[in-house]
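So the chains spell out like this:
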Amino acid sequence: MISKFQTNLNGPPRLISKILEEGVDFHHLSGFLGYHLYSIWLFTFSDLKTIVIPKTIFGTMSAFAAPVFNLSVYSNHSEICSRIPLAALWVYINFLPFAIDNQRQTSSIEEDRLNKPWRTMPSGRMTKSQANILMCCLYPIAVFASWRIGGMMQSLSLIALGFWYNDMGGADKSCITRNLINALGYVCFSSGAMEAALGQPLLTIPTNTLISAYETVISSVLCQWFAIIAGVVFTTVHSQDLYDQAGDSAIGRRSVPLVIGDFPARVIVAVFMLFWSFFIPRFWRTTLLSTMLVGGLGLAVVIRILAFRNVRSDRKTFLMWNIWVVSLYMLPILKMYDSGLTQ
C-alpha cells in the first residue's frame, strides 16, 4: 500500500484531483496522511531527546523561576502549566523546518545513508523537491505560530541560523563555526521556549513619549544565564560528533573530532564538563546537594566519554550529556525555592 501512495499520490494536488474525480476514499486518504505524517515525524525523531524535550523543559523551568531572573513580568504557576503544550509546540514547529532543511541537503542524505538510513530522505519516503516545498511551507507557519504564541524574534533568528548552518556551509567548513551556530541555536530555542511558557515577552520595550525613543530592557541575570548556556554548548556539544565520525568523514565535514582527533576532542568535552558542573552551581549559589548531583552526573558522563570509545557507547553518552544539560536547567528553580522567592 505504501508504494502505491509513493507512486500514484505524489502530493496534495494529485490527491485533490483524485478525490474530485473518484470521490473520497477514506481508507486510502487515511493511509496517505498516515504515511506522510510519519515521514515528517522521522525528520525530528532522533532530535526529540536532544532538542524538543530538553528545550521544552528549559522553557518551563525558567518560566517557573522568573523571579530569580528579576523579570518585571511573569505568570503564576498554573498559567505556566497550562502553556507547557504551547512551549512544546513552539520548539517543535520551529525545529521541524530546520531539520528538513538540514536533512534534504545532498551531503546530509549521503551521511544519513551510513548513520541513520531509516530517516525520511535516505529511505526514499520523500524526494528532495517535496522536502523543499514542505520546508518552504513550514517556515511561514513557524513564524505565524511564534507571532501568536511568543518567541517571534527567536523564530526569525533560527531561520537565519538555519540558512547559515545548512545552506552556507556553516556546519561543514569549520568546527568552530559549527559549534558557535549550535550554541546560538540552543539559546534561541531556550529563550523562545521560555517566552512561550511565560506568555509574555522577555524583552520589555517602554516608550519615552518626550523623545519618542524605544529602549530595550532585559534582565542582566537572564542575559548571563543565556551566555552560560551558550558557553556550555559551544565547549561540549561536539560530543554528538563522536559517533558520527564515519558519516562526517565521508562528506568532508570538519567536525571537532576529525580536525583535532578523537581523543583530544573527548578531553576537551571532559575538561569543560567538569568546569561547568562546578561553576554553574556556584553561579547560582545552590545547596551542596544540588552541586553534588550536577557534579556527579557530569563526572559520570566524563568517565563514559573517556572510557567507552565506540559508536554505540558514544550514542548513550550523548544522551547522558543531554540529561546533564537538563540538570543544569533545573538550578534556577532550585535557587528560587532555596531563596524563598516562590510566587
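Procedures and definitions
Here, residues in each chain are numbered from 1, in the same order as that chain's written sequence. Restriction of local features to residues with pLDDT of at least 70 applies here, the model being predicted, together with a cutoff of 80 or more for giving and counting side-chain atom pairs; totals for whole chains, interfaces and linings are based on all residues. Excluded from the side-chain calculation are hydrogens and water; included are all heavy atoms of the structure. UniProt positions are given in the numbering used here, feature names are shortened, and annotations may be inferred rather than shown by experiment. Secondary structure elements are defined from DSSP: runs of H or I of at least 4 residues count as helices, runs of E of at least 2 residues count as strands, and each element is numbered from the N terminus. Partly exposed describes any residue whose relative accessible area lies between the buried limit of under 20% and the exposed limit of over 50%, with all areas from a 1.4 Å probe on protein chains only and scaled to the type maximum. Two residues form a contact once any of their heavy atoms are found within 4.5 Å. Using a 1.4 Å probe, the Shrake-Rupley method yields the accessible areas, and only the shown protein chains count as cover for residues. As used here, the term nonpolar core means buried Ala, Val, Leu, Ile, Met, Phe, Trp, Tyr and Cys residues forming a set that is joined through side-chain atoms within 4.5 Å. Each Phe, Tyr or Trp ring (for Trp, its six-membered ring) is paired with any other whose centre lies within 6.5 Å, and the angle between the two planes then decides the class: stacked below 30 degrees, edge-to-face above 60, tilted in between. Cavity and pocket criteria rest on a 1 Å grid covering protein atoms alone: a 1.4 Å probe that fits but cannot get out defines a cavity, protein on both sides within 12 Å along at least 5 of 7 lines defines an open pocket, and an atom within 4 Å of a point defines a lining residue. Grid points are joined across faces, edges and corners, and a volume is the space filled by probe spheres set on the points. Residue polarity follows a fixed list, in which Ala, Val, Leu, Ile, Met, Phe, Trp, Tyr, Cys and Pro are nonpolar, Asp, Glu, Lys and Arg are charged, and the others, Gly among them, are polar. Here the positive residues are Lys and Arg and the negative ones are Asp and Glu; neither His nor the chain ends is included. The working definition used for a salt bridge is a side-chain nitrogen of Lys or Arg within 4 Å of a carboxyl oxygen of Asp or Glu. Only residues whose relative accessible area exceeds 30% and that form no salt bridge enter a patch; like-charged residues are grouped when within 9 Å of one another, and nonpolar side chains (Val, Leu, Ile, Met, Phe, Trp, Tyr) when within 5 Å. Only a pair of cysteine sulfur atoms within 2.5 Å counts as a disulfide in this structure description.

Named according to an unreviewed UniProt entry, the chain is Digeranylgeranylglyceryl phosphate synthase originating from Delitschia confertaspora ATCC 74209. For the record of the chain, the UniProt heading Subcellular location (unreviewed entry) holds the text "Membrane".

A. A look at the overall build of the chain. When helices and strands are tallied, the chain shows 17 helices and two strands. Looking at the chain residue by residue over its 343 residues, the buried ones come to 51%. At a minimum sequence separation of 6, the contacts of the chain that also span at least 24 residues come to 75%. Only carbon and sulfur atoms are counted for the fraction: they give 67% of the accessible area of the chain, which is about 16200 Å².

B. Spatial organisation of the nonpolar core. Residues F69, I280 and W324 are the most contacted members of the largest nonpolar core, which totals 87 residues. Tallying contributions element by element places helix α10 (residues 175-198) first for this core, with 12 residues.

C. Representation of the packing of aromatic side chains. Under the defined criterion, the tally for this structure stands at 19 aromatic pairs. Between F58 and F226, the aromatic rings sit 6.1 Å apart at their centres with planes inclined by 35°, giving tilted as the arrangement. Taken together, the residues F58 in helix α4 (residues 48-64) and F226 in helix α11 (residues 220-236) connect sequence positions 168 residues apart. Relative accessible area serves as the criterion here: at 0%, F58 is assigned to the buried category. What makes F226 buried here is its relative accessible area of 9%. For the pair F95 and F98, a centre-to-centre distance of 6.0 Å together with 40° between the ring planes defines the contact as tilted. A residue pair is termed a helical-turn pair when its members lie 3 or 4 positions apart in one helix, as F95 and F98 do in helix α6 (residues 84-103) at three residues. What links up through ring pairs into an aromatic cluster is the set F69, W225, F275, W276, F279, F283 and W284.

D. Broad picture of the layout of surface pockets. Space inside the largest pocket adds up to approximately 760 Å³. Taken together, 38 residues form the lining of the largest pocket, with D47, T50, R119, Y165 and Q240 sitting closest to its centre. Looking at the lining of the largest pocket, the elements that each hand over two or more residues are α4, α6, α7 (106-115), α9 (152-167), α10 and α16 (311-329). No other element matches the six residues that α10 contributes to the lining of the largest pocket. For the lining of the largest pocket, the residue count by class is 17 nonpolar, 10 polar and 11 charged.

E. Molecular detail of the UniProt feature "transmembrane region" (unreviewed entry) in the chain. UniProt's feature table lists "transmembrane region" (unreviewed entry) at residues 217-237, 258-280, 286-306 and 318-337, given in the numbering used throughout. Secondary structure within residues 258-280 divides into 96% helix and 0% strand; the distance between the first and last C-alpha atoms comes to 29 Å. Helix makes up 95% of residues 318-337 and strand makes up 0%, while its end C-alpha atoms are separated by 30 Å.

F. How the structure looks around the side chain of R304. Its place among the elements puts R304 in helix α15 (residues 288-307). D314 is the oppositely charged side chain nearest to the buried, salt-bridge-free R304, at an N-O distance of 6.8 Å. Discounting chain neighbours no more than four positions away, the residues touching R304 are S313, K316, T317 and M320.

G. A look at empty space enclosed by the protein. In this structure the tally under the stated criterion is one cavity of 30 Å³ or more. Volume-wise, the largest cavity comes out at about 40 Å³. What lines the largest cavity is simply N94, F98, Y139, L158, I159 and F189. Every element with two or more residues in the lining of the largest cavity is listed here: α6 and α9. Across the lining of the largest cavity, the residue classes tally to five nonpolar, one polar and no charged.

H. A nonpolar patch on the surface, seen in detail. Taken together, the side chains of V259, I260, F263, V267, I268, V271, F272, F275, F279 and L306 make up a nonpolar region of the molecular surface, amounting to roughly 750 Å² of accessible area. Where the nonpolar patch is concerned, the elements lending two or more residues are α13 (256-260) and α14 (262-284). Of all the elements, α14 adds the most residues to the nonpolar patch, at seven residues. Note that I260 resides in helix α13.

I. Spatial organisation of the state of the cysteines. Scanning the model with the defined rule gives zero disulfides in all. In this model C136 remains outside any disulfide bridge; the closest cysteine sulfur is found in C137, 7.0 Å from its own.

J. Geometry of the pattern of salt bridges. If you walk through the whole model with that rule in mind, you get 13 salt bridges. Between D172 and R253 there is a salt bridge whose closest N-O contact spans 2.6 Å. Within this pair, whereas D172 is found in the loop between α9 and α10, its partner R253 is found in the loop between α12 (245-250) and α13, the two being separated by 81 residues in sequence. Residue D172 is classed as partly exposed on the basis of its relative accessible area, which comes to 21%. Among the residues examined, R253 registers a relative accessible area of 8% and is labelled buried.

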